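Structure at a glance
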Amino acid sequence: MITIYHNPACGTSRNTLALIRNSGEEPQVIEYLKTPPSRETLKRLVADMGCTVRDILREKGTPYAALGLGDAHWTDEQLLDFIGQHPILMNRPIVVTPLGTCLCRPSERVLDILPRPQQGAFIKEDGERVVDEKGARVQVRRCR
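Residues numbered from 1 in each chain as written. Predicted model: local features only at pLDDT ≥ 70, side-chain atom pairs only at ≥ 80, totals over all residues. Heavy atoms only, no water.

1. Considerations on the pairing of strand β1 (residues 3–6)
Residues of β1 alternate between two faces, with Thr3 and Tyr5 on one and Ile4 and His6 on the opposite face, all of them buried. Here β1 runs beside strand β2 (residues 28–31); their pairing, made up of four bridges, is parallel. Bridging from a neighbouring strand, His6 pairs with Glu31 of β2. Following the chain from β1 across helix α1 (residues 11–22) to the adjacent parallel β2, one finds a crossover that is right-handed. (Buried < 20%, exposed > 50% of the residue type's maximum accessible area, 1.4 Å probe, protein only. Helix = DSSP H or I, 4+ residues; strand = E, 2+ residues; numbered from the N terminus. Pairing = 2+ DSSP bridges. Right-handed = clockwise from strand over helix to strand, strands pointing away.)

2. Thoughts on helix α3 (residues 76–85)
Considered for burial, the residues of α3 that qualify are Leu79, Leu80, Phe82 and Ile83. Viewed end-on, α3 has its buried residues packed into an arc of 160°, placing them on one side of the element. Residues Gly84 and Gln85 are exposed on α3 and point more than 90 degrees away from its buried face. Where the residues of α3 are buried, they touch α2 (39–49). (Arc of directions from axis to C-beta. Contact = heavy atoms within 4.5 Å.)

3. Regarding the state of the cysteines
All chains considered together, the criterion is met by zero disulfides. Between Cys10, a free cysteine, and Cys104, which holds the nearest cysteine sulfur, the sulfur-to-sulfur gap is 11 Å. Given a relative accessible area of 6%, Cys10 falls into the buried group. Between Cys104, a free cysteine, and Cys102, which holds the nearest cysteine sulfur, the sulfur-to-sulfur gap is 4.0 Å. (Disulfide = S-S within 2.5 Å.)

4. Describing the pattern of salt bridges
Applying the stated criterion to the full structure yields eleven salt bridges. When the shortest N-O distance is used, the salt bridge between Arg14 and Glu125 registers 2.7 Å. Of this pair, Arg14 sits in helix α1 while Glu125 sits in the loop between β5 (122–123) and β6 (129–131), placing them 111 residues apart in sequence. A relative accessible area of 32% places Arg14 in the partly exposed class. Glu77 serves as the salt-bridge partner of Arg39, at 2.6 Å between the closest nitrogen and oxygen. Of this pair, Arg39 sits in helix α2 while Glu77 sits in helix α3, and the two are 38 residues apart along the sequence. Three or more residues joined by partner-sharing salt bridges are found here, namely Arg39, Lys43, Glu77 and Asp81. (Salt bridge = Lys/Arg side-chain N within 4 Å of Asp/Glu carboxyl O.)

Shown next, in the form of structure tokens:
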């Protein structure tokens, strides 16, 4: 079973969902803005990813700055309260598979936790080639 906490308005989230489907899987799709995860679910996701609540906060397009969430004095418990009040603060997409839980930014991070290989080529919405025709991950060449 694969679960994706998804925002259909987000290109990264759409690409991640498409990569999951390109592996032949049909995940449980939770549109977290319509159906926010419970506090306990959020705690479990954060623990499974080995991160802090602050690590899953989204700044862009959210009330992050207006709420002063950049201030280090907020505890994880308080940040969870803010996410509960404003689900848009949760960064996305978060994917849960039998192999792990991951905040999939960039979207190709999902390839590390998918139990099945890609079934064919995949090109992201922006035109970036991620998977070749044989289902192998394309290595991105970086400038030195």
